Amino acid sequence: ELERQAALRPALARRKVFIVDDAERMTGEAPQAFLKTLEEPPAATVLILILPRRRALPATVLSRCQVVRFEPRADDTATAARAQALELLGEVRAKGVDELFRRTERLDRERAEALVDAYWLLCRDLLCAQAGAPEALLVNADRAADLAREAATWTQDELLATIGLCRAAREALARNVAPRLTLDVLLSRLALRAA
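Just so we're clear, the structure is a prediction, and the values are computed from it rather than from any experiment. (Residues numbered from 1 in each chain as written. Predicted model: local features only at pLDDT ≥ 70, side-chain atom pairs only at ≥ 80, totals over all residues. Heavy atoms only, no water.)

Now for the overall build of the chain. What the chain contains, in helices and strands, is ten helices and two strands. Helices (α) and strands (β) of the chain occur, in sequence order from the N terminus, as α-β-α-α-β-α-α-α-α-α-α-α. Within the span of the chain, comprising 195 residues, buried residues form 36% of the whole. (Helix = DSSP H or I, 4+ residues; strand = E, 2+ residues; numbered from the N terminus. Buried < 20%, exposed > 50% of the residue type's maximum accessible area, 1.4 Å probe, protein only.)

This next bit is on the pattern of salt bridges. Taken as a whole and judged by the stated rule, the model has twelve salt bridges. Among the ionic pairs, Glu113 bridges to Arg170, the shortest N-O distance being 3.7 Å. Linking Glu113 in helix α7 (residues 109-130) with Arg170 in helix α9 (residues 156-174), this pair joins segments that are 57 residues apart in sequence. Across the pair, Arg170 and Glu113 agree in class, each one buried. (Salt bridge = Lys/Arg side-chain N within 4 Å of Asp/Glu carboxyl O.)

At a closest axis distance of 8 Å, the pairing of α7 and helix α8 (residues 144-151) adopts a crossing angle of 80°. The orientation of α7 with respect to α8, classified from their angle, is roughly perpendicular. Contact residues: α7 offers Leu122, Asp125, Leu126, Ala129 and Gln130, while α8 offers Leu147, Ala148, Glu150 and Ala151. (Axes fitted to C-alpha atoms, helices over the stretch in contact; angles between N-to-C directions. Parallel < 35°, antiparallel > 145°, perpendicular 65-115°, else oblique. Contact = heavy atoms within 4.5 Å.)

Shown next, in the form of structure tokens:
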């Protein structure tokens, strides 16, 4: 039905927008049948798929989409993931590369994605702290003093490069690169200033 409606020209506006909420609930052959429309949407048609997490649909579908990430929800799961990421970072900084390899040994993809997201937000906070942004803009506002101290040890170019590394890590995880390898590279940059 969506494909049929999408093929029609917009009657009242310049574009037609279709929002597929809970897109991860597509079952069976639906995602694959949807590929042609995603590859070549009809003129003046915009399709928006809303997902709770990127890996909720097959990679063949996601590769035909432009991913737009929204700010993290203020929920207990995200807060716990950020706390675990900071704890892991602290341990790797204190104990070195052996701890890095020990802690990432049995890492599943979903946890790796949560850790990458947390480190991405940490780098964002460090960049904001360097710029003198108010605490209210920090994701980890409760750590503002620590963030300001750490931000002083980074150059802006280093932080921007690490944010790029976070983006690349997220894309690598979406393409099925091993979670452990992805996290080892990212943590070595953050904790050990290597790689």
